[in-house]
Amino acid sequence: MQRSRSRKLERAARQAGTTRALPRSVLLRRAPIAAAIMAAMPMPRLYAADAPATAAPADNGGLQEVVVTAEKRTENLQDVPVSITALSTEKLEQLGVQNFDDYVKFLPSVAYQTNGPGFAKIYMRGVASGDNANHSGPLPSVGVYLDEQPVTTIQGPLDIHIYDIERVEALAGPQGTLYGASSEAGTVRIITNKPDLTGFKAGYDLQGNTVRGQGGYTAEGFVNIPVGANAAVRLVGWAERAGGYIDNIPGTITFPSDGCLSNFSPPATGCEQSPAQAKRRFNPTETYGGRGALKVNLGDNWTITPTFMGQSTRQDGTSFVDPSIPGDLSVQRFYPDSISDQWWQAALTVEGHVSNFDITYAGGYMNRHDHTQTDYSDYSLLYDKSTTYVAYFESNVEPNTPGNRPINPSQWIIGTDRYRKMSHELRVATPKDQRLRFIGGLFYERQQHYIMQDYVVSELPTINSVTGWPQTLWLTDQIRVDRDYAVFGELSFDFTPKLTGTVGYRFFRYDNSLDGFFGFGADNPLGSHTGERATTFQPDGTRNADGTGCLKPGILGGPCVDLANEVKRDGSTPKFNLTYKFDDQRMVYATFSKGFRPGGINRRTQAPPNPPLATYDPDFLTNYEVGYKTSWLDNHLRFNGAFFLEDWKNFQFGFLGQNSFTIIRNAGSARIKGAEQQLEWTPMRGLNLSLGATELDAKLSKDFCIDVDPNTGGPLPIGPAPPAGCPFWDAVPSGTQLPIVPKFKTDATVRYSFPLGGDMEGHVQGSFAYQTATNSQLAPYQNALIGEQSAYGVLDVLAGLNKGNFSVELFADNALDKRADVYRFNECTIVGTLTSLFPGTTICGAKPMAAINTPRTIGIRFGQRF
């Protein structure tokens, strides 16, 4: 009888939209008086968008309870044997978080690279090889979820504006049982606030700011409206403008084959004026979006929640600078650069109760459309130094121009990426207060990615262009489809009231394909497929003997199909866990788990006599972890942590091969050792201190050569000279530090709130995020050319006051105006086969680019709740 009443109370809280019910174990013990207790409790103070994720502070000024759904159940953070960083609504508001770049600073287990809004690459626990994240390359190793739906894409996850968000969770380590593919190293979850049936709520927030003299603003608002006794709707909207802070300074680029371009007017003597002109602060960003959700209770046992969310972001200019030119926030660009990222997602969650089981269906459909323009002048300059490239233009292109004149060889890229992502999950869970409990289900996901990359040379004769694409030197026109099927489950058993064991498995199957066209125009000398044979197809579906030609007529506007491949594989990922609770405040756990990332397809096999590299296999991460979660001093101090060792076997590595063409190999192996710690303390009423830190030792565990033996396809040894051994520029010896991820990352926040008389309250806050230097490349020689990403620390400060339902704050983000390289890269091949074409392994390496964090931003924000 008690168990039945406790489940009814919890279900009622869920249907009302207030998931912050007492834990079921507590309800079980106290069900006879639960209603009286809940009626007598004071209403908790609500923050920002009235989040249900965090309980009210204890009367003694202790820490708030944090509720998470990391294991797809509603649980207290301190009861979940997983290393989790959770940022509640209140915390997100206090930190001034608005986007990915804001909240990732406060996730110590997460490293990242970014090249503009919507183009972030996420890494967790040191699992990073430094691959080039090509659109036809490996899938990400970290999964990102919006509520119940995966929103991971090959270019990066959705850059969701953070407002009216219940919680951001970072689950460190393999989550391959409950989350599956691409959650190999961890999972980041963004959980939105749901409609609340208990009453009307609304609010708005306004912000004005300035960065390097450029104004910006943010306007946000939400409203929650009950509709009768069994339904509610929640509407959210936002608009944001971030001022530009990078200067496109005047400059001239000179090509050895012909002429020069100037990005100013009038141009330098003898030069042409480039399409893009020098401009100060040329990279402003604008974002608009909204979300609508409806919750409907269908009787006592079933709830449906449809949600629709969409966002549009546009950035002009670039997010990176050129460290080799004067000014720490300067670049020289000659063709337009821009990013346009537009997406929408429709989702449906159905929750119900059948007999003694909780049933959940979660389905979603995402439509994402990106359009980019990119100046490729530096890449053009590299190839213009190649005698083969110059000879091609002199012998094959110039005769087709009026007067046989040289042409301007500079390139710019028009890029389009269109994603269609559909996912369905059906799961069942037994009551979590039972001694033996189970959660499991079925999962299906299909992601279709249309890829178009049009490399334009404005003066290229049509006869030398890709067939049907005038002035296109190179075209990528492909459809990539990644499918994932899975059956998963976790079974937990309480051996004693203090000792619990869990076993989980996920059985998966992936089916990935890549079809379309990629290649140069007619008669190119660079060994790639061409479109000039678009009307001659081999009867058996194979290419011509020399590797050129097409398989079948074109799709998506391409001249023909010269790529059609598919890869399938089955497998499983296990998880075993033991958890021991000393008491309600302290627990330890030990976990063995495994994560995976699906394999895929190489667009281009190697030229004979090299063995083919048509496909690459999945890689797996094996995790050995011990952790603890503790509360002390009458819940005034919370101290959690984990120690782990991970083996990453035959990891996928994407690199630029011949002609700067991406190749993916299952490369070496790595071992990662690390520790994660989280501390939160309230030493006195009104004062809160929080600290998070991750320390990593992520190194290659055996020698690795980027090149392969041309006869066997096997690895080349490090030491002997080529061709018997590995070229020095491609050698990666055992013990090499893995790139991108810092050895140490930490963040600390101190906040003090104090009364000002009457109903006014003031507060001050300082937040500091720091990380050590990181390598930019896996190979030591290439890393030396591009340079490491230096260590940096960023300080944010603010002061504000609350009066009734009003709040106002003055803030300074990056108050010390520190520069941080968040991504360091080059635009073309550094070394390798191009070295045989021209000396100058530093032609590109000597001019790396660096994506930079936002400089000091000062502003004021105001909010009101109803």
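Above this text you will find the structure in question.
None of the values given here were measured: they were computed from a predicted structure.

Student: Before we move on, can you summarise the overall build of the chain with the specific residues and values?
Tutor: A tally of regular secondary structure across the chain gives 7 helices and 47 strands. Surface accessibility of the chain: about 32,600 Å² in total, with carbon and sulfur atoms responsible for 59%.

Student: Help me get a handle on a nonpolar patch on the surface, residues and values and all.
Tutor: A cluster of nonpolar side chains, contributed by Leu436, Phe438, Leu442, Val487, Leu491, Val503, Tyr505, Phe507 and Phe576, occupies part of the molecular surface with about 750 Å² of accessible area. Only strand E24 (436–456), strand E25 (472–494) and strand E26 (499–520) provide two or more residues apiece to the nonpolar patch. Considering the arrangement of structural elements, one finds Phe576 in strand E29 (residues 563–583).

Student: Would you mind going over the state of the cysteines in detail, with residue names and values included?
Tutor: Inspection of the entire model under this criterion finds 2 disulfides. The residue that forms a disulfide with Cys260 is Cys271, at a sulfur-sulfur distance of 1.8 Å. When the S-S torsion is -95°, as for the bridge of Cys260 with Cys271, the disulfide is left-handed. Linking Cys260 in strand E15 (residues 260–262) with Cys271 in the loop between E15 and strand E16 (272–273), this pair joins segments that are 11 residues apart in sequence. Residue Cys260 is classed as buried on the basis of its relative accessible area of 12%. With a sulfur-sulfur separation of 2.1 Å, Cys705 is cross-linked through a disulfide to Cys726. Since a negative S-S torsion denotes a left-handed disulfide, the Cys705-Cys726 link at about 85° is right-handed. One end of the pair, Cys705, is in strand E39 (residues 704–705); the other, Cys726, is in the loop between E39 and strand E40 (731–732), with 21 residues separating them in the sequence.

Student: Please provide a residue-by-residue account of the side chain of Arg506, values included.
Tutor: Of note, Arg506 is situated in strand E26. Side-chain polar atoms of Arg506 contact the backbone oxygen of Thr177, separated by 2.9 Å. Filtering out sequence-adjacent residues up to four positions away, Arg506 remains in contact with Gly176, Thr177, Leu178, Tyr179, Gly180, Phe443, Ala486, Val487, Phe488, Gly571, Ser572 and Thr573.

Student: Can you break down unusual backbone geometry residue by residue, with the values?
Tutor: Glycine aside, a negative phi is what most residues show, and trans is what most peptide bonds show. Between Ser265 and the following residue, Pro266, the backbone shows a cis peptide bond with an omega angle of -10°. A positive phi is found at Ile740, a non-glycine position, where the angle reads about 75°. Along the chain, the position of Ile740 falls in the loop between E40 and strand E41 (744–757). The class of Ile740 is buried, set by a relative accessible area of 3%.

Student: Go over the packing of aromatic side chains, please, and point to the residues and values.
Tutor: Per the stated rule, a full pass over the model turns up 28 aromatic pairs. Taking the centre distance of 5.1 Å and the plane angle of 80° together, the rings of Tyr145 and Tyr179 count as edge-to-face. Note that Tyr145 is positioned in strand E6 (residues 142–146) and Tyr179 in the loop between strand E8 (165–172) and strand E9 (186–192), a separation of 34 residues in sequence. With a centroid separation of 5.5 Å and 70° between ring planes, the pair formed by Tyr376 and Tyr455 is classed as edge-to-face. In this pair, Tyr376 sits in the loop between strand E22 (357–375) and helix H5 (377–384) while Tyr455 sits in strand E24, placing the two residues 79 residues apart along the sequence. Accessibility assignment for this pair places Tyr376 and Tyr455 in one class, buried. Each residue in the set Tyr505, Phe507, Phe576, Phe592 and Tyr624 is aromatic and connected to the rest through ring pairs, giving one cluster. Above the ring of Phe644, the side-chain terminus of Arg125 is found at 3.9 Å from the ring centroid. The lysine or arginine in question, Lys594, covers the ring of Phe620, its NZ or CZ lying 5.2 Å from the ring centre.

Conventions we followed
Residues numbered from 1 in each chain as written. Predicted model: local features only at pLDDT ≥ 70, side-chain atom pairs only at ≥ 80, totals over all residues. Heavy atoms only, no water. Helix = DSSP H or I, 4+ residues; strand = E, 2+ residues; numbered from the N terminus. Areas by Shrake-Rupley, 256 points an atom, 1.4 Å probe, with all protein chains shown as cover. Patch = residues over 30% accessible without salt bridge, like charges linked within 9 Å, V, L, I, M, F, W, Y side chains within 5 Å. Salt bridge = Lys/Arg side-chain N within 4 Å of Asp/Glu carboxyl O. Disulfide = S-S within 2.5 Å. Buried < 20%, exposed > 50% of the residue type's maximum accessible area, 1.4 Å probe, protein only. Polar contact = N/O pair within 3.5 Å; in protein donor to acceptor, adjacent residues only side chain to side chain. Contact = heavy atoms within 4.5 Å. Phe/Tyr/Trp six-rings, centres within 6.5 Å; stacked < 30°, edge-to-face > 60°. Lys NZ or Arg CZ within 6 Å of the ring centre and 35° of its normal.

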